[in-house]
Amino acid sequence: VRWTKVANGAILDAPVVGKVEGVPVVFWGASDRFVYAHIAGSGERLWTRELVPPTRTQAPARIMSPLFHDGILYITAFVHDKALPTYEQTATLFALDAATGRQLWAQEVCGGPVGAPIGRVLDNRFIVFVAAQRGLVQAWAVSRKGPQFLWRHQMPHEVLGSPAIEASGERPRLFLGSKFG
């Protein structure tokens, strides 16, 4: 074992590794509402970022596996407040500067749990796809400046994971399985 780190909450999804100024960095999120960035070789902390401010009645967050592209970390978080008067469920797509952890923007994507974002360059734009558990799939053209909504599709059944995208071809296909096959 080269190094270990302990978060203040469960780590529900896989980390991702991306290079920041030529140095491999490991990024992951935890149910404590934080995103962590550590130097892959040494474990030295690069930064941590709280994505969602806490409330007294907030359930643990579901922060999924990040997506690293061109110096930006895209990550989804689902948080819900269990208080009856304010029972609120929010899933958000965040863009963070991978070198500093500074939040570039945040976009609410739905009112329920979501999977990890996936992305691909299409027509000279980086497109991020997010699937919600309730079967809603959305596409966003993203950059440092912010997200631009492109389209959504409602599937007939619940979705229990992230979509997959065909890696080759001029007209790639998006694949997503539903709860009932």
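Details of the structure are given in the entry above.
Keep in mind the model is a prediction, meaning the values are calculated, not measured.

Asker: Hey, could you run me through the sheet that holds strand β3 (residues 34–39) in this one?
Answerer: Adjacent strands of a sheet pair through backbone hydrogen bonds, lying either parallel or antiparallel. Sheet architecture is open: four strands sit in the order β1-β2-β3-β4, paired in antiparallel fashion. Among the strands making up the open sheet, the edge pair consists of β1 (16–20) and β4 (45–50). For this sheet, the mean inter-axis angle between neighbouring strands, taken without regard to orientation, is 25°. By the bridge criterion, five bridges tie strand β2 (residues 23–29) to β3 in an arrangement that is antiparallel. Across the sheet, residue Gly29 finds its bridge partner in β3, namely Val35.

Asker: Sorry if this is basic, but what is going on with the pairing of β2 here?
Answerer: Side-chain direction in a regular strand flips from residue to residue, so the side chains alternate between the two faces of the sheet. Judged by how many residues are buried, β2 sits mostly within the fold: five of seven residues are covered. Pairing geometry for β1 and β2, over five bridges, is antiparallel. Along β2, the bridge assignment pairs Val17 with Val26. Where β1 folds back on β2, the antiparallel hairpin that results is connected by two residues, among which Glu21 adopts a positive phi of roughly 55°.

Basis of the calculations
Residues numbered from 1 in each chain as written. Predicted model: local features only at pLDDT ≥ 70, side-chain atom pairs only at ≥ 80, totals over all residues. Heavy atoms only, no water. Pairing = 2+ DSSP bridges. Helix = DSSP H or I, 4+ residues; strand = E, 2+ residues; numbered from the N terminus. Axes fitted to C-alpha atoms, helices over the stretch in contact; angles between N-to-C directions. Buried < 20%, exposed > 50% of the residue type's maximum accessible area, 1.4 Å probe, protein only.

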